[in-house]
Amino acid sequence: MKPLPKMLRRPIPTLLTCALASCLLLTTPSGFAQSTDATLRGLISVGTAPAKDAKVSATNLATGLSRAVQASADGSYSLNGLPPGSYRIDVSAAGKT
């Protein structure tokens, strides 16, 4: 069997190298992505019992942006998508604030 000419043997490693480099470049941006939003989670109780249906609000002191949620039956809450900053947290449950 006659070996392939040198000109025909060269493109395969080059194509393989390009394909591998492309795969690496496509997966890299997701590794550097960062999120600037924060999540505030907690548990509210009145005495020793969970404060179900408590209302929790977070207000950004610099911008006035406010987010509010209602606590679940076990008193837990989660405020998502808060931009960086200082916040005032207000809680009302069972007629108390």
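Everything quoted here is computed from the prediction, not taken from an experiment.

Undergrad: Describe the overall build of the protein, listing the residues and the values that go with them.
TA: When its secondary structure is counted, the protein shows two helices and seven strands. The N-to-C order of helical and strand elements in the protein reads α-α-β-β-β-β-β-β-β. Split into buried and exposed, the 97 residues of the protein put 14% on the buried side. Contacts spanning at least 24 positions in sequence make up 58% of the contacts within the protein whose residues lie at least 6 apart. Total accessible area computed for the protein in this model is approximately 7700 Å², and 63% of it derives from carbon and sulfur atoms.

Undergrad: Describe in detail the environment of S45, supporting the description with residues and values.
TA: Tracing the sequence through the fold places S45 in strand β2 (residues 45-46). Judged by its relative accessible area of 44%, S45 falls in the partly exposed class. Setting aside its immediate chain neighbours within four residues, S45 contacts P50 and A51.

Undergrad: Explain the sheet that holds strand β7 (residues 87-92) residue by residue, including any values.
TA: Strand order in the open sheet made by the three strands is β5-β4-β7, with antiparallel pairing throughout. Strands with a single pairing partner mark the edges of an open sheet, and in this sheet they are β5 (66-70) and β7. Each strand of the sheet is rotated relative to its neighbour by a mean of 15°, with strand direction disregarded. As judged from the six bridges shared by strand β4 (residues 55-60) and β7, these two strands associate in the antiparallel manner. Looking at the pairing, T59 lines up with R88 of β7.

The rules behind these values
Residues numbered from 1 in each chain as written. Predicted model: local features only at pLDDT ≥ 70, side-chain atom pairs only at ≥ 80, totals over all residues. Heavy atoms only, no water. Helix = DSSP H or I, 4+ residues; strand = E, 2+ residues; numbered from the N terminus. Buried < 20%, exposed > 50% of the residue type's maximum accessible area, 1.4 Å probe, protein only. Contact = heavy atoms within 4.5 Å. Areas by Shrake-Rupley, 256 points an atom, 1.4 Å probe, with all protein chains shown as cover. Pairing = 2+ DSSP bridges. Axes fitted to C-alpha atoms, helices over the stretch in contact; angles between N-to-C directions.

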